[in-house]
Every structure is written in structure tokens, then in C-alpha cells.
Amino acid sequence: LKLRIAIRISNAAPEYAQEVAEKAVAHPYGVMDGNDCDAYDNIGSTNFKNGLASVNSWGEVKANACIVSFMNGYKDPRREAYFTKSTIEGHDFVGVRSGIQGITTSMFANYSTAKVETKTPMLIFNAAEVAFLKAEAALKGWTMGGKAEDFYKEGIRLSFSEHSTSGADTYIANATNVPADYVCPTNSTYDYANPCKLSVAWNTATGTKAEEENLERILTQKMIAN
């Protein structure tokens, strides 16, 4: 939590944020470094349910167009763990845009939804996020005990492992696939061009442009992992 907060305040109080982050990583207890450390609410009691599953049962949850477009473009194999497939012919994973005026549950009934059951554990904090936080901190020049690139790759591998998904190294090395534009199968009014055109593969060049691109990669993969 200290590492997360330090990153959040790093532009407002950079020196203090660096001090807190470095102390957190160097602490004898350390930070999460494997999926055996992941914090989940396992919903053990028979009286409690995963809240997202409850809302899902009302037909009021759909996969979001943003994350699905990113994952579709990257051909991300974690989609199978995250979302149900749509029942629209020719389309496997299709999200819905946020903020559509006058939306009803029937309008997007055939679109992908979250793959979640009544007793699906609810994520609180995972090791993948910690790796991405360390990657961002290392990119800032803070002492994290390793390189930003290595932490970035570790975060992806941890996320794949967390969801029992293979192919992490192939995904990490892919320098071709980029996030897809959003194409709504039933109403082209909602289509949009994805402004992100970065592949997953780390940019090994030096300089401000490469650093900015790699920061965007870190934040993108952290979003997907969370």
C-alpha cells in the first residue's frame, strides 16, 4: 500500500514519495513478490456472495469496450479468464462503451460480460500490480532492486500465472500487435479509434520518447492485470 501511495503522489511530492517507496521495498517484510502473496476476499461464508456476480445476474454488467479493445488487439489469452464470449456471430469478445445515454439491459444482452460466479474470490491487491509499481518507480530512477523492464515483464508473467494462462513470454515479446479500434457490431455510432498504438514489447531505446512509451506500457498492463 505504501508503494502504491508513493506512486500516486510522486508528481506532487517526488522526494517524499521516493523515500517512502524505497523504504517499503527495502523493509524486512518486503512487498508482494509472488501470487502466493495475493490478497483476495475468498467469500468463505455461505451467506456472502461476490457482489459483481449478483449485479451480473440482473444483466446489468457488461465487459467494458476499452479493456476489451486493448486485449483484442493484443490477442491477449487472458480474455478467456476475464470475459464470457458474446453470442454475436463472428465476434468472440465484445465490450460496451461507458456513458451511453438511455441504455437498457436488452440493448447489449448479447455482448460479453464479466466471467464471475457467486463464489469467485474478489481481488484486493495482487503481486502483479506491485511489479508494475516497481517498474514505474524504477523508470523514475528510484532504487527498487532491479530494472524497470524486468519488473514490467515480471508483472505480466505474474498476471498470466494468476489466471492460469500460458503464453506470457510470447505476449511480452510481441512487437507487432497493438490495441484494436472499437467496432460496435450493432451500432456504428459507438465506434472509435483507439489512440494507443503501442505494442507490448518493451522499447529498449534511450531518451524521453522511449521512457514515455514505456510508462504507457506499464500503466496499460497494470490496468489489464487489475
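Here, every reference points to the structure presented above.
Residues numbered from 1 in each chain as written. Predicted model: local features only at pLDDT ≥ 70, side-chain atom pairs only at ≥ 80, totals over all residues. Heavy atoms only, no water.

Chemist: Mind showing me how you'd approach the packing of aromatic side chains here?
Modeler: Think of a pair of aromatic rings as described by two things: how far the centres are apart, and how the planes are tilted against each other in angle. Within this structure, the stated rule accounts for nine aromatic pairs. Each ring, one from Tyr74 and one from Tyr171, has its centre 6.1 Å from the other, and the planes form 80 degrees; the classification is edge-to-face. Within this pair, whereas Tyr74 is found in the loop between α4 (65-73) and α5 (79-82), its partner Tyr171 is found in helix α8 (residues 168-173), the two being separated by 97 residues in sequence. An identical accessibility class is assigned to Tyr74 and Tyr171; each is buried. For the ring pair Phe160 and Tyr171, a centre distance of 5.1 Å and an interplane angle of 50 degrees mean the geometry is tilted. Taken together, the residues span a long stretch of sequence, with Phe160 in helix α7 (residues 148-162) and Tyr171 in helix α8 at a distance of 11 residues. For Phe160, a relative accessible area of 1% gives the class buried. (Phe/Tyr/Trp six-rings, centres within 6.5 Å; stacked < 30°, edge-to-face > 60°. Helix = DSSP H or I, 4+ residues; strand = E, 2+ residues; numbered from the N terminus. Buried < 20%, exposed > 50% of the residue type's maximum accessible area, 1.4 Å probe, protein only.)

Chemist: I would appreciate a short explanation of unusual backbone geometry in the present structure.
Modeler: The bulk of non-glycine residues show a negative phi, and the bulk of peptide bonds are trans. If you check the backbone angles, Ile43 has positive phi at about 50 degrees while not being a glycine. Along the polypeptide, Ile43 turns up in the loop between β1 (39-41) and α3 (51-56). Of the residues examined, Ile43 reaches a relative accessible area of 6% and is grouped as buried.

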